[in-house]
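Inside the fold
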Amino acid sequence: MTTTQDRNVVRSQKEFKVVGTRPLLNSSTGAHKVTGEAIYGADFYPNEYLHGKVLRSPHGHAKIKSINTSKAEALEGVKAVVTYKDYPTNNPEGTHGMAGLPMKQLRDNSMASDKVLYEGHPIAGVAAVNPHIAEEALSLIEIDYEVLPAVLTAPEALKDGAPILLEDLKTKGDITKQKGQTNLAEHFRHEKGDIEKGFGEADHILEREFNTATVHQGYIEPQNTTAYWDKDGRLFIWLSTQGPFEVRSDTAIAVGIDEAKVRVTPMEIGGGFGGKFPLYHEPVAALLSKKSGKAVKIVMSRQEVLEGTGPTPGSYSKVKIGITNEGKITAGQAYIAFEAGAYPGSPVAAGAQCVFAAYDVPNGLVDGLDVVVNKPKAAAYRAPGATQVAMATETVIDELAEKIGMDPIEIRMINAAKEGTRRIDGPVYPLIGCEEVLKEMKKHPHYNAPITNKNVGRGVAIGFWFNAGLHSSATISVNSDGTVNLVEGSPDIGGSRASLSMMAAEVLGINPEEVNATVTNTDQIGYTFGTGGSRVTFATGWAVYEAAQDAKKQMIARAAKIWDVDASTLELKDGNFQSKTDSALKITFKELASELHDAGEPILGVGNVDPSGEGGAFAGNIVDVEVDPDTGKVKILRFTVIQDAGKAIHPSFVEGQMQGGSVQGIGWALNEEYFYNKSGNMSNVSLLDYRMPTSLDLPNIDTVIVEVANPGHPFGVRGVGEVNIAPPPAAIANAINKAIGVRMNVLPMNPNNIMDAIWNK
C-alpha cells in the first residue's frame, strides 16, 4: 500500500476510473430524501385502507388467563380484531424463520398466546376506519392477567430460583449439565491451545468484569407495515425493512401460507442499524386484512418502538488476559453472557467471535451464554455483540499496557492479528488490515499532539467485525440511449445504490450518472439476503459486477455480429468497444446501445452470487476527553476514527458510515440505556428520556480510510458499515482513565456511574 492522501484516504496500489472517486449521484443518494420526494413506509396510502393498532402488555411478565374482544368488535367503525386464536394452530417441530425459533415462539413474539414476556408484548390487533376508533377499541379489550415476577439481566436470570420465562426451554449445548427449568437458552465454548499453560507463561495476569446496559438502535423512522390479503389469496406487504425476503419468509410461516403467495415491497428506510430485520406487526396486519378484506396499515409510536422492538442486549462479561513483561499475550479467557430478551437468540455468538479477534492469542477459551430475560427479543445493532466485548478486551489490554509501562498502541501492534493468524473460534485470517490501522493510528497527528490541560485524557481502542457475504441477485438492462437500469434487492440505508452504480459503471466503462439503480420487490429479483452484516457493497456489489460482466459480454457479441467478426477479437476499453487488431473497428458504448434494437434481442445482464471471502474489518479510535471530577460529566474534545475499507468505492459514503457508527458508539458509551423498574416496566419511553447524543454533544469526527484490498472481492471491498461502532466506548473509557485515574467497567459511563467509580476508588 502507499500513503498518498486524498482527503484522508490511505490508498491501496490498484486504482480505477470510477471506483474510489466521489461523484454526485442524485438518483442514487439523498437528494430525493431531503426534498421530500422519497416514499417511506408510512407514506404509502392504498385505497380505502384501514388503520391498525396493537394492544400491548402493561406487564413485564404475566400469564394471560383470558381475553375478551367482544366490546371492541361491537364498536362502530371497527372492521376486524385479531388475537393469537386467528393464527394457524399447527406448530411443526424444529426452528423456523430468520430468528431460528420454534414455531410457537415465532408466532408468540408477534402475538402472545398464553404469556406476556415483556412490557409492550403484542396481545391483540384492531383495524378500524380511523386511528381514534382503533385506539378506543383497544381500550375495550378485556384481559385477565396473573402477574409474575420479572427478571431483567443475565446474571439474575441464571440464579437458582429465578423466575422462569419459557417452561419448555432446553439449553442448547449445555456444558454445565443443568437440571430442571432454566433461562439459559444456549451455552457454547471456543478453545485454542492450552489455556492453563498460557497463563502459566504470563508475567502479568489481569481479570476484570463488565456490565453493559440495554441500548436501542435509535433509528429516526418507526416501524411500519401496510398489508393487503386479496381475494385470490395473495398477500402484499409494503414496509420499511432491511430484509424484504426475510419478511416474506417469516410472514408466510407465521400466517400459514406459501412463500410464493407473499410479495414484499421495501420502501425507503429511515435507518435500521439491524433493528429492522425482525418480524413484528406484519402478521398482525396481514390477518387483519384477511378478516376485513381491506388493506391495513400499522405505524408504531416511538413508545411502541422502544418498548416492543428488539434493542441490542445488555451484557455481563468477564475477561482475563495474560502477558509477558515484553507485552506479548500468552492467554486470553472470556465469559460472555448476553440478554436474549424474551426468546432465544442474542448476538452472543458474534460477540464470542469478536472478543479477541484483533489479536494473535495463542491460548484461548471463550464461553458464550444466551440468556432469556423479560425484555423484548434482542435484535442486531451494528456489529451486534462486538461493542460489548470490545469494551471488555480493550480496557483490559489498556490496563496491562499501563501496568508494564508500554505505549497502548505499541502493545496492540505487538499482538495484532495478521494474515495467517487463527482466531480462537477457528477461522484463519486471509490478508487483513489490523496492523495497518494501528500504524496509521500511531503516526496520526492526533495521537502525537500534546495534552496540557488538567483532567484531560487520551484513549485508544480497536475493534473487529467479520462482515458477511450471502446470497444476492442483480440485473442490468441496456437502454437505447446508452444508459443502463440496475435492479437489485438490497434496501439502501447508507448509500449502497451509489456504490453499486459505480461498480456497474466501472465494468461497463460509462459514467456512474448513467446508471439508474432501483431496489425492487421480492417478485422481481432473485433471492437477496437483507441489508445487514456489512454485506451489501461486498455481496450485492459482486452480483452487480457479474451482471455487468454478463451485459458487457452480450454487447461484445452484438458488436461482433454487426461487424461480422469473432467476439474473442473484441474488447471494451475506456468506454469503447473495439477490435484488438483492427483500429478501424471502434464504437462507443452509447453508439452500440442505439443499434441494439435493430441487431437482436434486448441486453439483460444477470448476476446471482453466494460469495465467500468477505474479509474481516478493523477500526481504531483516538479520543480526547475532559472529565469534571466534581460532577462526572464527560466532554469529548477530539475524536478520530481510522478504518480499513479494503477499497472505498465512494469515499464520502465510507466516511459517513465511519462517522455515523462513531456517533452511535459515543451515545452508547456516555448516555444511552433502558431504565426498567423491578416489575419490568420501562421508564424512559420517549426520546426526551432515552438520551441519544445531539450535535451539541459531539466534536467534529476526523476520518482516515485505510485500504488493504480484500483479495476475496473483484474490487477489494470490505464491508464498512459496522466495525466503527465497536471501539468508541472502550476508547472513551481508556481516555477517562487517563483523565481522572479511574477504570470504568460499566456502560453507559454517565455522570452517576463515573462518580460511583471515583467514590469507590
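Parameters and conventions
The residue numbering used here restarts from 1 in each chain and proceeds along that chain's sequence as written. Confidence filtering applies because this is a predicted model: local features only for residues at pLDDT of at least 70, side-chain atom pairs given and counted only at 80 or more, and all residues used for totals across whole chains, interfaces and linings. The basis for the side-chain values is all heavy atoms of the structure; hydrogens and waters are excluded. Helical segments are the DSSP runs of H or I of at least four residues, strand segments are the runs of E of at least two, and each set is numbered from the N terminus. Radius of gyration: over C-alpha atoms. The globule rule applied is 2.2 Å multiplied by the number of residues raised to the 0.38 power. Remark: exposure states derive from per-residue accessible area (1.4 Å probe, protein chains only) relative to the maximum for the residue type, with buried under 20%, exposed over 50%, and partly exposed in between. In what follows, a contact means two residues having at least one pair of non-hydrogen atoms within 4.5 Å. Strand pairing is defined by DSSP finding a minimum of two bridges between the two strands. Axes here refer to lines fitted to C-alpha atoms; in helices the fit is confined to the stretch in contact. Angles between the N-to-C directions go from 0 to 180 degrees. When describing relative orientation, an angle under 35 degrees is termed roughly parallel and one over 145 degrees roughly antiparallel, while 65 to 115 degrees is termed roughly perpendicular and anything else oblique. Two helices that cross are described as forming a left-handed crossing if the nearer one is turned anticlockwise from the farther one by less than a right angle, and a right-handed crossing if clockwise. Classes in brief: Ala, Val, Leu, Ile, Met, Phe, Trp, Tyr, Cys and Pro nonpolar; Asp, Glu, Lys and Arg charged; the others, Gly included, polar. When a carboxyl oxygen of Asp or Glu is within 4 Å of a side-chain nitrogen of Lys or Arg, the pair counts as a salt bridge. Scored between 0 and 100, pLDDT is the confidence that the predictor attaches to each residue.

**So, the overall build of the protein**
Within the protein one finds 20 helices and 30 strands. What you see for the protein is a C-alpha radius of gyration of 27 Å, in line with the 27 Å of a compact globule of 761 residues. Dimensions of the protein, computed from the C-alpha atoms along their principal axes, are close to 85 × 75 × 50 Å. Counting the 761 residues in the protein, one finds 61% classified as buried. In the protein, once contacts between residues fewer than 6 apart in sequence are set aside, the share between residues at least 24 apart is 78%.

**Considerations on the sheet that holds strand E10 (residues 184-192)**
Overall, mixed pairing links the 6 strands, which are arranged E10-E18-E17-E16-E11-E30 in an open sheet. Edge positions in the sheet fall to E10 and strand E30 (746-747), since each has one partner strand and no second. With 9 bridges joining them, strand E11 (residues 204-212) and strand E16 (residues 315-323) adopt antiparallel strand pairing. Bridge pairing links Glu 207 to Lys 320 in E16.

**Concerning the packing of helix H7 (residues 244-255) against helix H8 (residues 282-292)**
Orientation of H7 relative to H8, taken along the N-to-C sense of each, is 55 degrees, at an axis distance of 9 Å. Taken together, H7 and H8 sit at an angle that is classed as oblique. Relative to H8, H7 is oriented so that their crossing is right-handed. From H7, Val 247, Thr 251, Ala 254 and Val 255 reach across to H8, where they touch Glu 282, Pro 283, Ala 286 and Leu 287. Tallied by class, residues from the contact of H7 with H8 come to 6 nonpolar, 1 polar and 1 charged.

**Here's the deal with the pattern of salt bridges**
With the rule as written, the count across this model stands at 36 salt bridges. Two residues, Lys 53 and Glu 135, come together in a salt bridge whose shortest N-O distance is 3.6 Å. Taken together, the residues Lys 53 in strand E2 (residues 50-56) and Glu 135 in helix H4 (residues 131-140) connect sequence positions 82 residues apart. Residue classification places Lys 53 among the partly exposed residues on the basis of a relative accessible area of 22%. Asp 86 serves as the salt-bridge partner of Lys 291, at 3.1 Å between the closest nitrogen and oxygen. Separated by 205 residues along the polypeptide, Lys 291 in helix H8 and Asp 86 in the loop between strand E4 (78-82) and strand E5 (95-96) bring together distant segments of the chain. Lys 291 gets classed as partly exposed once you look at its relative accessible area, which sits at 42%.

**Looking at the confidence of the model for the protein**
Per-chain confidence: the protein averages 96 in pLDDT, with 98% of residues scoring 70 or above. Below a pLDDT of 50 lies the segment residues 1-5, which in the model reaches 17 contacts outside its immediate sequence neighbourhood of four places, other chains included.

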